[in-house]
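This is what each chain is made of:
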Amino acid sequence: MPEIRFKSEWLKAEDNIFHGENIVFMNTGEQNEKGEWVFMVETPKGEKKKFSLNKRNFEAIRKIYGSNSDKWVGKEMAVRIIDVENPKTGELVRAVRLIAPGSVEAGIEEAE
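Residues numbered from 1 in each chain as written. Predicted model: local features only at pLDDT ≥ 70, side-chain atom pairs only at ≥ 80, totals over all residues. Heavy atoms only, no water.

Caption draft 1: Here's a closer look at the packing of aromatic side chains. Under the counting rule described, the total for this entry stands at five aromatic pairs. In this structure an aromatic cluster arises from ring pairing among F25, W37, F39, F58 and W72. (Phe/Tyr/Trp six-rings, centres within 6.5 Å; stacked < 30°, edge-to-face > 60°.)

See the structure below:
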């Protein structure tokens, strides 16, 4: 029986991106009506997905490329998949954390 999945316009852990894969930033990002930064990224399969930036992922990117998102376009970040607690339900859900490219392959994953 086939695995049923619904397509999403968003980058989703273990749905359209997996641990150890890299994403590439396609634009400089835009703030939505809630003030959240949303970027278009490309997956290894060439899919373009929306990615909502949180502070933890921002810090990982800033350490490598700086805080000006103009410098992020065309740049890669590696994906680490972790479990986080959903603040609304308390359930553990899979989430994307960005780390330096090559960190997963080298076994150098940043601590939570």
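Caption draft 2: Up close: the side chain of T43. One can find T43 in the loop between β3 (37–42) and β4 (48–53). Apart from the residues lying within four places of it in its own chain, the contact partners of T43 are L11, N16, I17, N22 and K49. (Helix = DSSP H or I, 4+ residues; strand = E, 2+ residues; numbered from the N terminus. Contact = heavy atoms within 4.5 Å.)

Caption draft 3: Seen up close, unusual backbone geometry. Here the phi dihedral of E14 falls at roughly 60°; this positive angle occurs in a residue that is not glycine. Positionally, E14 belongs in the segment before β1 (22–25). Take E14: its relative accessible area is 33%, and that puts it in the partly exposed class. (Buried < 20%, exposed > 50% of the residue type's maximum accessible area, 1.4 Å probe, protein only.)

Caption draft 4: Representation of the pairing of β3. Where β1 lies against β3, two bridges are found, and the strand directions are antiparallel. From the neighbouring strand, V24 faces β3, where its bridge partner is E42. Pairing between strand β2 (residues 30–31) and β3: two bridges, direction antiparallel. Note that in β3 the partner of E30 across the bridge is V38. (Pairing = 2+ DSSP bridges.)

Caption draft 5: Spatial organisation of the pattern of salt bridges. Tallied over the entire structure, the rule returns five salt bridges. Between E59 and R62 there is a salt bridge whose closest N-O contact spans 2.7 Å. Highlighted residues: E59 and R62, both in helix α1 (residues 55–65), separated by three residues, approximately one helical turn. Residue E59 is classed as partly exposed on the basis of its relative accessible area of 32%. By relative accessible area, which is 33% here, R62 ends up partly exposed. (Salt bridge = Lys/Arg side-chain N within 4 Å of Asp/Glu carboxyl O.)

Caption draft 6: Spotlight on the nonpolar core. Core analysis: the largest hydrophobic core is formed by 18 residues, its most contacted members being I23, F25, I61, M77, V96 and L98. Put simply, the parts of the chain that give this core at least two residues each are β1, β3, β4, α1, β5 (76–85) and β6 (92–99). Setting aside anything within four residues of it in sequence, one finds F25 in contact with F39, M40, V41, I61, W72, V73, G74, K75, M77 and L98. (Core = buried A, V, L, I, M, F, W, Y, C linked by side-chain atoms within 4.5 Å.)

Caption draft 7: A look at the pairing of β4. By the alternation rule, side chains of β4 split into K49, F51 and L53, which are all buried, and K48, K50 and S52, of which none is buried. By the bridge criterion, six bridges tie β3 to β4 in an arrangement that is antiparallel. Within the sheet, the bridge partner assigned to M40 lies in β4 and is K50. Remark: five residues form the turn of the hairpin made by β3 and β4, two consecutive strands paired antiparallel; G46 in that turn has positive phi of roughly 85°.

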